[in-house]
Amino acid sequence: MQKKKRVLIAAGGTGGHILPAVVFGRWLEARHEASVSYLAGGRLLEREIYAYFGIEPQILPIEGSPLGVRSPVRMLLRSLALLKSLGTAARCISLERPDVCVLFGGYVSLPPLLICRNRRIPVVIHEQNAVAGRVTRLASRWGAVVASGWGACDGVPSFLPVGIPVRRPERLSPSRAQDQMALELPEGGRVVGVTGGSLGSRDLVERALAAAAFFERKGDDVVFLFLGDPPGPDLPPNVRFVGRQWDMNPFYSLCDVLICRAGGSTLAEALRWGIPTVVVPWEGAAEGHQERNARCFEEAGGGVVWREGGGEPLESPLRKLFERGRGAADGAPDACPALRALLPLS
């Protein structure tokens, strides 16, 4: 009997990195393709996401890139944590003895990249954004295979577009979806889902609340359903907050239209579900990657891009997308087979 290959997956920071990694790892395990282990960073959010899926990753004692802060003290502390993480990653790799390491970007990917390069372990890095991050660019220069979630991956000389692994949609009936989120929505109305990603977005919430108030004044039968916690007690009557959700099936099942930031994984889920989406790129994203993601998403037919401060009110693109209607769930191709084809597991 042929021994299973061993795959080490490194993913941390935000849900946008972790969720595709978990989807891909679970897909490999379900097909008995490989034995999978995980490396993550030390943030509480990372532990929470992995715990939801019943996964206990090896934890690197790092919570961010030294380049992501301005304080010299915090930069020094993060640099020391990065050095310590190299030792932790080395011990993990010695223990797991992976045949290949799959990196899903972000600062957590740097220590295993360095160790794997030193030990000549094959590396594949998956980039969820249409602009390659620092670790992806470094990995590319060192000869790692770069798999892109989009048809673009600015900043690297070559890449292979595979898409972004997302959870398979399970469309629930409105009553069942509401029961699972302890909701009661009016019948027959339209639902606008609002999500700012796993880290949230106060500015996006405020703009969506203003749009909700507009529809309420007009008497339109539209409910705004927000992921996250409410910013205060005074909310329009057509607004509901449901807290953070890791099982997205109930939420997406209710949404007729989505408003979201332009994180690669969120946009991939919207495409997979066929939900018309107003994409609001975060202007502070590193190297404008959310703007680039949003353009790729719009070109793929997923929705429209709305820019903060652009003059057009948010309710205008929402009305246009109401007329379009939802597409079929599970309409986009599964990215896992294309990514699996890049791994040296045969």
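Coordinates for the structure precede this section.
These figures come from a predicted structure and were not determined experimentally.

### Looking at the pattern of salt bridges
Then, number 1: Inspection of every chain in the model, using the stated rule, returns 15 salt bridges.
Then, number 2: One salt bridge in this structure joins arginine 6 and glutamate 96, with 3.2 Å as the shortest N-O distance. Note that arginine 6 is positioned in strand 1 (residues 5-10) and glutamate 96 in helix 3 (residues 72-96), a separation of 90 residues in sequence.
Then, number 3: The residue glutamate 170 makes a salt bridge to arginine 176 at a minimum N-O spacing of 3.9 Å.

### Section: the side chain of histidine 126
Then, number 1: Tracing the sequence through the fold places histidine 126 in strand 5 (residues 123-127).
Then, number 2: Reaching out from histidine 126, the side chain makes a polar contact with the backbone oxygen of glycine 163 at a distance of 2.8 Å.
Then, number 3: If we skip the residues at most four places from it in the chain, histidine 126 touches Leu103, Phe104, Gly105, Ala147, Ser148, Gly149, Val162, Gly163, Ile164, Pro165 and Leu339.

### Quick look at the sheet that holds strand 3 (residues 58-59)
Then, number 1: Pairing is parallel across the open sheet formed by seven strands, whose spatial order is 3-2-1-4-5-6-7. Of all strands in the sheet, those with a lone pairing partner are strand 3 and strand 7 (160-161), marking the two edges.
Then, number 2: Two strands pair when backbone bridges link them, and strand 4 (residues 100-103) and strand 5 are joined in this way by three bridges, in the parallel orientation. Paired with cysteine 101 across the bridge in strand 5 is valine 123.
Then, number 3: Packed on one face of the sheet, helix 4 (residues 110-119) meets strand 1, strand 2 (34-40), strand 4 and strand 5 and runs near 155 degrees to strand 4.

Calculation criteria
Residues numbered from 1 in each chain as written. Predicted model: local features only at pLDDT ≥ 70, side-chain atom pairs only at ≥ 80, totals over all residues. Heavy atoms only, no water. Salt bridge = Lys/Arg side-chain N within 4 Å of Asp/Glu carboxyl O. Helix = DSSP H or I, 4+ residues; strand = E, 2+ residues; numbered from the N terminus. Polar contact = N/O pair within 3.5 Å; in protein donor to acceptor, adjacent residues only side chain to side chain. Contact = heavy atoms within 4.5 Å. Pairing = 2+ DSSP bridges. Axes fitted to C-alpha atoms, helices over the stretch in contact; angles between N-to-C directions.

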